[in-house]
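# Coordinate inspection notes
Chain residues, written in single-letter form:
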2 protein chains.
Amino acid sequence: MESEATATSHKLLLRAGLIRQTSAGIYSYLPLAVKSLQKLERLIDEEMTAIDGTKLACPSLAPAQLWKESGRWNAMGGELWRIKDRKNVDFCLGPTHEEIVSSLMASELQSYKQLPLRLYQTTTKFRDEMRPRSGLLRSREFIMKDMYTFDVSEEAAKTTYELVCEAYGRILKRLDVPFIKAEGDVGQIGGSMSHEFHIPAECGEDHVIVCTDCKVSVNQAIMTQDNSVSSIRGCQLATNCRSHSHKAIEVGHAFYLGTKYSEVFRVTFTDDNREKRVAEMGCFGIGVSRLLQACIEALSPPSGDQIIWPTQIAPYKVCIVPIDTKEDNSAHQLNSLAETLYDTLNDGRVPVLDSDVIIDDRMHLSVGVRLADAALVGYPMLVVLGSRTIENGLIELQHQYSGETEYLTFESLVAKLQTFMM
Amino acid sequence: MESEATATSHKLLLRAGLIRQTSAGIYSYLPLAVKSLQKLERLIDEEMTAIDGTKLACPSLAPAQLWKESGRWNAMGGELWRIKDRKNVDFCLGPTHEEIVSSLMASELQSYKQLPLRLYQTTTKFRDEMRPRSGLLRSREFIMKDMYTFDVSEEAAKTTYELVCEAYGRILKRLDVPFIKAEGDVGQIGGSMSHEFHIPAECGEDHVIVCTDCKVSVNQAIMTQDNSVSSIRGCQLATNCRSHSHKAIEVGHAFYLGTKYSEVFRVTFTDDNREKRVAEMGCFGIGVSRLLQACIEALSPPSGDQIIWPTQIAPYKVCIVPIDTKEDNSAHQLNSLAETLYDTLNDGRVPVLDSDVIIDDRMHLSVGVRLADAALVGYPMLVVLGSRTIENGLIELQHQYSGETEYLTFESLVAKLQTFMM
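The structure presented is a predicted model; accordingly, all values stated were derived computationally and were not measured.

Bring the parts together and some accessible area is lost; that lost area is often taken as the interface size. At the junction of the two partners, chain B supplies 50 residues and chain A supplies 50 residues. Surface buried jointly by chain B and chain A totals about 4500 Å² across both partners, of which 64% is contributed by carbon and sulfur atoms. Among the residues of chain B in contact with chain A, Leu61(B), Arg86(B) and Leu353(B) are the three that bury the most area, contributing 15% of the side total. One can count six salt bridges joining chain B with chain A. A salt bridge links Arg42(A) to Asp354(B), with the nearest nitrogen and oxygen atoms 2.8 Å apart. Applying the counting criterion to the chain B and chain A interface returns 18 residue pairs in polar contact (both at pLDDT 80 or more). Elements with a minimum of two residues in the side of chain B that touches chain A: strand S1 (19-23), strand S2 (26-29), helix H2 (31-50), strand S3 (54-55), strand S4 (61-63), strand S5 (82-84), strand S6 (90-93) and helix H5 (98-108) of chain B. Partitioned by chemical class, the residues of the side of chain B that touches chain A number 23 nonpolar, nine polar and 18 charged.

All names here are of chain A. Taken domain by domain, chain A consists of domain 1 (2-299) and domain 2 (316-421). When each unit is reduced to the centre of its C-alpha atoms, the spacing between domain 1 and domain 2 is 40 Å. With six residues of domain 1 in contact, the opposing surface of domain 2 contributes eight residues. A buried area of about 590 Å², summed over both sides, lies between domain 1 and domain 2, and 64% of it is on carbon and sulfur atoms. For the domain 1 face of the interface with domain 2, the top three residues by lost area are Leu 32, Lys 35 and Lys 39, together amounting to 67%. Summed over the shared surface of domain 1 and domain 2, the number is one salt bridge. On the surface where domain 1 and domain 2 come into contact, there are three residue pairs in polar contact (both at pLDDT 80 or more). Listed by contribution, the elements that provide at least two residues to the side of domain 1 that touches domain 2 are helix H1 (8-15) and helix H2 (31-50). A total of three residues in the side of domain 1 that touches domain 2 trace back to one element, the largest contributor, which is H2.

Time to look at the pattern of salt bridges. Tallying each qualifying case throughout the model produces 54 salt bridges over all chains. One salt bridge in this structure joins Arg174(A) and Glu47(A), with 2.8 Å as the shortest N-O distance. Taken together, the residues Arg174(A) in helix H6 (residues 154-174) and Glu47(A) in helix H2 connect sequence positions 127 residues apart. Note that Glu154(A) and Lys158(A) form a salt bridge whose closest N and O atoms lie 2.8 Å from each other. Remark: Lys158(A) and Glu154(A) occur in helix H6; sequence separation between them is four residues, near one turn of the helix. A relative accessible area of 31% places Lys158(A) in the partly exposed class. Several salt bridges share partner residues, and in doing so they unite Arg42(A), Glu46(A), Glu47(A), Arg170(A), Arg174(A) and Asp354(B) into one network.

Each copy superposes on the other: chain B lies on chain A with an RMSD of 0.0 Å after a rotation of 180 degrees and an axial shift of 0.0 Å. With respect to symmetry, the two chain copies, as superposed, fit the operation of a two-fold axis. The position closest to the rotation axis in chain B is occupied by the C-alpha of Ile83(B), lying 2.7 Å away. Taken as a fraction of all interface residues of chain B, those also at the interface in chain A reach 100%, which identifies the copy contact as same-surface.

Cut-offs and rules
Residues numbered from 1 in each chain as written. Chains lettered and ligands numbered in written order. Predicted model: local features only at pLDDT ≥ 70, side-chain atom pairs only at ≥ 80, totals over all residues. Heavy atoms only, no water. Contact = heavy atoms within 4.5 Å. Buried area = accessible area lost by both parts, 1.4 Å probe. Salt bridge = Lys/Arg side-chain N within 4 Å of Asp/Glu carboxyl O. Polar contact = N/O pair within 3.5 Å; in protein donor to acceptor, adjacent residues only side chain to side chain. Helix = DSSP H or I, 4+ residues; strand = E, 2+ residues; numbered from the N terminus. Nonpolar A, V, L, I, M, F, W, Y, C, P; charged D, E, K, R; others polar. Domains from an automatic or database assignment. Buried < 20%, exposed > 50% of the residue type's maximum accessible area, 1.4 Å probe, protein only. Least-squares fit on C-alpha atoms with pLDDT ≥ 70 in both.

Structural data, given as structure tokens:
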């Protein structure tokens, strides 16, 4: 499998044992990936909660009937995974959930007093890609965070739109990755306004044009449809301005939908004049599993020897490697020191479900193999407990991303790591 | 939908706004259900971590090829959701993951030094039930925690088996629900030993026979196959002993698999004599969404007026209801007091993603409606802020499960709720 991987991040995920392919474009997430994904989902949850997002969870099996009502049963073409149940009823595996959420809100929404509503979920989505490739960047089963918003008016919906875009910006800033917010294509989702969030990367499949004069960005896909995009964006792009094209990975997408779905599914409410109105909708997505890999692609060196993680979503921030010495007594001392350090850093919590520290105690593997693994997985901080530790009481701390090495007493090591892990 | 519900717990989940059906046997989880499910998953994670369980996540789309190798592609019959991709390749939507995990371990496992291995996941599973019914008790898309274990020998595998069964017992004890561990049927999964975990309930579809003399329990499904079960269990059941039959909901299942799957998928390792051996396996499941409803069924009164939750998984432990008084000034005072109480109980954390406290500030609804909702949803503690609070400074605390009501000062209320929420 690794031989087929072309993107550096894809190779790294395979080499470091984070994912395994089960079928073309379909992956199992191994424990380190699960740990990182949980942190990423949590980080997104924090920002969604901050804009009054409420979490729900819709099923994967979506009734075809709803997709026929919206017209997307046919429009989606071969990318839609279609399935029949034992009674020959048609379903699809949801690639996105406008239909289900709109139809749900048709019965739940009554009054303007319930609005704005910002519902989101982080669930598995499905898209039968013609050419799945690059690991989690374009896979057929993936994790997506999708939000659906309902507002009383176009103005209110646009305020919501800005709020969600700002939250997306904060998420990417917290991940310490460079990103571009660009005007985008409305595609199969529809609506009248759309922005994409891109992480620049050579292996990306999108081309984003950034005008350094006007500070606007646009997906080149729009420009090829209409060469006079300047009118859309108030920029002389491609004429007088200095623009740069970036290859990029799309990790987020915002759509102002208007009433496209709310009319079809009759998502209405009574306004403050007791008149029935159709809700204004927006929908917003972050490709969670794709974002995980895109961060690795953006931050890691192209050599493919080491994952560099956004600190916030490294599977563990600290790895402790006790080195097997030939003397039984020292080995015992080092293992016991590793445990003490582990317990101290975990603040005595048991079980250590949320631990940010891992001990590599696979003592049947050589020191070389374990240190190379620690470098490859890219734990930001590596603590090496070896014979020197026993001789002079100093512990080796490797900052794996800067290459810096320090020798610290137990107390100063703990203090430094506790600060780092906060 | 509610009219079709027969189980009390199913009616309650619908009435309290926790779930909505999107197709027969397929549900959306609304925010309160998501909150409770997250707590339940976390509780299970804690107990799985305590027995050295490591979390992974396998895809829903399982290649038919693996299921044909195990022989279950045909054996599962109509319950298996089958789907073809755009290239006409067969897949199924995994109802369980012995095939994927075994095939994964075939390439990951090398040495006995890696064993025991206890891998688990909490993911969406699929089963095309002929007659989906009773809400989450028998649905076609559900959440399951499944664990797959690998050991060096039958003896070691049986030790693992006992450990997992004990963890299942601890999970059910922490949920404060009565349960029965019974000998069970190996069914489609296979293997030579099996135990089921049942919650007694009238709407349950299993019959569990409990012998009060010999302290053994068995699923009646086994007895009808073989009337002389006494030999299996060392009990004179149905002859001299006093036995009771319970209708029950199966919420957990343990299987000792031996080498049934590891032989097919060549899950081998080198033992300490450098000889190649086949790993001994076990598999274990908890129906997470089913367990959520089974707890409600077991604990709530049959009247269907109120959910009683296991405290550990109540969506919120405390609900604050500020009562709208006609005087603007008092209303302002009460809302501000509600906020202060909320912030104090959340210990100043923002955003309050993990908050166990909710304010029902839907001031456009009458007090009666909001108090009835709070009773129905079954928050264990209900704080009512009304005119009496302003008059004498005392706050009303309703213990919703016992019916007890107290009037407390702000400080003693906070102290009492902080203790309760720990």
